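The residues making up each chain are set out below.
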Amino acid sequence: TIYADAGQTINIKVDNPQDMEYATPTGGFYDDPNYYDYISNHNTFICNKNNAFDKFQHYAVIGVNDSAQHYMSVYNSLNGKDDSKRQLEFMKRTDNQIAVYMFANELGMDNVEKKNFEKQWKKMDEDIKSSGAGQYFKQIMEARKELRSNAQAREFSVIDTKGNSVDLKNLEGRFVILYYWGVCGYVLQSWSGLVDLHEKYSNCLTTIALAKESTFNQVSSYNEHNTDALLL
């Protein structure tokens, strides 16, 4: 995930496209030395851990046990150094736009009753509050407040794969899950838990996967799961 406000130019330089996930961008928010230092160290840590595991698998497959054991030891050693504490400490910063984005993304689905967002907002620098990061953070904070107030579900109307209109008012008395299918045509099929939930409680649960028409057209077999996949 790369964060930027409108008008910012972000640069990513890699020698091999496979190394993209370990690259440290420059430009925009990423010129903040605090973040650059954090993400560089984090990416190096993840890269070394994944490389050790890849080499373990390689040597294990070809039967070079000594090398396989060596790289498993390296992997276990790195895996024991939990990087999550440092990540959480960085996310709690209120003077850095990327930290604000990260906090909103990572904890946006956390327990609604927790008021971490309100505390963060009060401490946040005014220039960050007015930035894209701050406004994104504010949207999530307000949505969480609304959920805590037992808000009513908002009315919606979508068109299903057969061209029929489906409205919330017509689903009264049922539980409804709205799931954003996004741009990947295989996510819904790979999330077996959602399919199982739909099939187990189909008598009282309606599962609605929201997708663009181009996404829906990528997959031809999803109907085998008997999931109500609807198109925006």
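For the structure, check the block above.
Criteria and cut-off values
Residues numbered from 1 in each chain as written. Predicted model: local features only at pLDDT ≥ 70, side-chain atom pairs only at ≥ 80, totals over all residues. Heavy atoms only, no water. 1 Å grid on protein atoms, 1.4 Å probe; cavity = no way out; pocket = protein on both sides within 12 Å on 5 of 7 lines; lining within 4 Å. Points joined across faces, edges and corners; volume = space filled by probe spheres on them. Helix = DSSP H or I, 4+ residues; strand = E, 2+ residues; numbered from the N terminus. Buried < 20%, exposed > 50% of the residue type's maximum accessible area, 1.4 Å probe, protein only. Pairing = 2+ DSSP bridges.

Undergrad: Tell me about the layout of surface pockets, residues and numbers included.
TA: Roughly 870 Å³ of internal volume is contained in the largest pocket. Ala-143, Leu-147, Ala-153, Arg-154 and Leu-178 are the residues nearest the centre of the largest pocket, which is lined by 23 residues in total. Put simply, the parts of the chain that give the lining of the largest pocket at least two residues each are α7 (132–148) and β3 (175–182). The element that contributes the greatest number of residues to the lining of the largest pocket is α7, accounting for five residues.

Undergrad: Describe the pairing of strand β1 (residues 157–160), and please don't skip the residues or the numbers.
TA: What you see with β1 is a clean split: Val-158 and Asp-160 sit on the buried side and Ser-157 and Ile-159 on the side with no burial. One ladder, built from three bridges, connects β1 with strand β2 (residues 165–167); its direction is antiparallel. Each bridged residue has a counterpart across the sheet, and for Ser-157 the counterpart in β2 is Asp-167. Connecting β1 to the antiparallel partner β2 that follows it, the hairpin turn spans four residues, and Gly-163 within it adopts a positive phi of roughly 90°.

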